[in-house]
Amino acid sequence: MRALIVDDDIAVSRMLVRCLSLWGWLADEVSRVSVALESFELGDYDLLISDVDLPDGDGISLSSALMTAKPSLRIVIISGNPENMGRAREAGLVSFLRKPFSLDELRVLIDSKCAEKS
């Protein structure tokens, strides 16, 4: 299973890569929407974990575009801004974690996303 992590906070993205690796995932990290789109074209990802507020765009728009391109893609939106939860839900993205979140919360959410897409 492959995951793409999109977050401009290097500490968060590296922590996510380490955790996902321990949980059996191959994870790539990028910090910009433009690079995420390029990576998605080259990689066969099963999971996207994306922050909302990114330097060159919006993780909600990115997620919607990638979900259209690959309907089986599992998506988890993360953000420190609680207003982004409503925006994500309006876009049909219901898996949302508010920063800071626990690794247990993330694991449960990923496991539930994997179970529902199986």
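Structure shown above.
Reference entry: report on the structure contained in this document. Remember, predicted model here, so these are calculated numbers, not experimental data. (Residues numbered from 1 in each chain as written. Predicted model: local features only at pLDDT ≥ 70, side-chain atom pairs only at ≥ 80, totals over all residues. Heavy atoms only, no water.)

### Describing the environment of Leu 26
Defined as follows: Elements are defined by DSSP. Helices are runs of H or I of four residues or more, strands are runs of E of two residues or more, and each kind is numbered from the N terminus. In this description, contact between two residues means that some pair of their heavy atoms is separated by no more than 4.5 Å.
Tracing the backbone shows Leu 26 in strand β2 (residues 26–30). The residues touching Leu 26, leaving out its near neighbours within four places in the chain, are Met 1, Arg 2 and Ala 3.

### A look at the sheet that holds strand β7 (residues 96–98)
The condition is simple: Whether two strands pair depends on DSSP finding at least two bridges between them. To obtain an axis, a line is fitted to C-alpha atoms, over the contacting stretch when the element is a helix, and the angle between two such axes runs from 0 to 180 degrees between their N-to-C directions.
Pairing within the open sheet is parallel, and its five strands lie in the order β2-β1-β3-β6-β7. A strand with exactly one partner marks an edge of an open sheet, and here the two such strands are β2 and β7. This sheet shows a mean twist of 15° between the axes of neighbouring strands, independent of strand direction. Across four bridges, strand β1 (residues 2–6) lies against strand β3 (residues 47–51) in parallel orientation. Its bridge partner being in β3, Leu 4 is matched across the sheet by Leu 48. Against the sheet, helix α3 (residues 59–69) makes contact with β1, β3 and β6 (74–79), and its axis sits at roughly 160° relative to β3, the strand it touches most.

### Considering the pairing of β6
Put simply, the rule reads: For each residue, the accessible area found with a 1.4 Å probe, counting protein chains only, is set against the maximum for its type, and the residue is called buried under 20%, exposed over 50%, and partly exposed in between. With the strands pointing away from the viewer, any crossover whose connection runs clockwise from the first strand over the helix to the second is right-handed.
The element β6 is extensively covered by neighbouring structure, given that six of its six residues are classed as buried. Every second residue of β6 is oriented toward a common face, with Arg 74, Val 76 and Ile 78 on one face and Ile 75, Ile 77 and Ser 79 on the other, all of them buried. Note: β3 against β6, five bridges, orientation parallel. When the bridges of β6 are listed, Ser 50 appears paired with Ile 77. Examined bridge by bridge, β6 and β7 share three bridges and lie parallel to one another. Counted as the bridge partner of Ile 78 is Leu 97 from β7. Remark: the β6/helix α4 (residues 83–90)/β7 crossover connection has right-handed handedness.

No statement about biological role is implied by the geometric values presented.
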